[in-house]
Amino acid sequence: MTDLPPDQPDEEGVPTRRRVLTIGAVTAAAVVSIRPALAQTAGSVMHCEIPVPDAGHAGSAIAADGSLVPAGTQGSFPSPGRPFQGEEVKRALAGGQLPGTTWESNRAYVGYIRRLQRGQSGFTCFASLQMPR
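Report on the accompanying structure. (Residues numbered from 1 in each chain as written. Predicted model: local features only at pLDDT ≥ 70, side-chain atom pairs only at ≥ 80, totals over all residues. Heavy atoms only, no water.)

Evaluation of the coordinates by the stated rule reveals three salt bridges. The residue Arg91 makes a salt bridge to Glu87 at a minimum N-O spacing of 3.4 Å. A residue pair is termed a helical-turn pair when its members lie 3 or 4 positions apart in one helix, as Arg91 and Glu87 do in helix 2 (residues 86–93) at four residues. A residue is classified by how much of its surface remains accessible, and Glu87, at 36% relative accessible area, is partly exposed. (Salt bridge = Lys/Arg side-chain N within 4 Å of Asp/Glu carboxyl O. Helix = DSSP H or I, 4+ residues; strand = E, 2+ residues; numbered from the N terminus. Buried < 20%, exposed > 50% of the residue type's maximum accessible area, 1.4 Å probe, protein only.)

Moving on, we come to the state of the cysteines. Overall, the coordinates contain one disulfide when judged by the stated rule. For Cys48, the disulfide goes to Cys125, at an S-S distance of 1.8 Å. Measuring the twist about the S-S bond at about 60°, one finds the Cys48-Cys125 disulfide to be right-handed. With Cys48 in the loop between helix 1 (17–46) and strand 1 (49–50) and Cys125 in helix 4 (residues 123–130), the pair connects residues that are 77 residues apart, well separated along the chain. Take Cys48 and Cys125: they sit in the same class, and that class is buried. (Disulfide = S-S within 2.5 Å.)

The subject of this paragraph is the side chain of Thr101. With respect to the element layout, Thr101 can be found in the loop between helix 2 and helix 3 (103–114). Within polar-contact distance, the side chain of Thr101 engages the backbone oxygen of Leu98 at 2.7 Å. For Thr101, the residues in contact, after removing those within four places along its chain, are Phe84, Asn106 and Tyr109. (Polar contact = N/O pair within 3.5 Å; in protein donor to acceptor, adjacent residues only side chain to side chain. Contact = heavy atoms within 4.5 Å.)

Our focus in this paragraph is helix 2. Regarding helix 2, the residues found buried are Gly86, Glu88, Val89 and Ala92. Viewed end-on, helix 2 has its buried residues packed into an arc of 160°, placing them on one side of the element. Positive backbone phi, approximately 110°, marks Gly95, located one or two places after helix 2. (Arc of directions from axis to C-beta.)

Let's shift gears to the packing of helix 2 against helix 4. Packing of helix 2 against helix 4 brings their axes to within 10 Å, and their N-to-C directions diverge by 55°. Judged by the inter-axis angle, helix 2 sits oblique to helix 4. Seen along the crossing, helix 2 lies across helix 4 with a hand that is right-handed. Of the residues in helix 4, those touching helix 2 at Gly86, Val89, Lys90 and Leu93 are Cys125, Phe126, Leu129 and Gln130. Tallied by class, residues from the contact of helix 2 with helix 4 come to five nonpolar, two polar and one charged. (Axes fitted to C-alpha atoms, helices over the stretch in contact; angles between N-to-C directions. Parallel < 35°, antiparallel > 145°, perpendicular 65-115°, else oblique. Left-handed = near helix turned anticlockwise from the far one by under 90°. Nonpolar A, V, L, I, M, F, W, Y, C, P; charged D, E, K, R; others polar.)

Right, let's get into the packing of helix 2 against helix 3. Relative to each other, helix 2 and helix 3 sit at 105°, their axes nearing to 11 Å. Judged on the interaxial angle alone, helix 3 and helix 2 are roughly perpendicular. Residues Val89, Ala92 and Leu93 of helix 2 form the contact with helix 3, whose participating residues are Asn106, Val110, Ile113 and Arg114. Residues belonging to the contact of helix 2 with helix 3 are distributed by class as follows: five nonpolar, one polar and one charged.

Following this line, the structure appears as structure tokens:
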């Protein structure tokens, strides 16, 4: 062991034992505090909500391609009556079906969700579902 300060490398450029132990302790503390936060974030993403359509377009219907159309438009689907949970949307995006939908309405609602843009209700939830874990 050398008499160098803990933040100085020895003559060969190798950090001292004390420095290495300090770095390890700091890293371990960071991992312990970050992991629960990530787990909590992942859980909250699965419980976020996506209204179809968003509040700014309440009263509109969803066309088969996922676009918004006036209520009563032939071939369109009315609002499902409740927002979809992040977990439900994630399953639907992977090929599953949203609860309470037919094959056609599911396709239209998923199309609407895929078209969400920044500023619309549900966009942040949808964007979070797209993030890799």
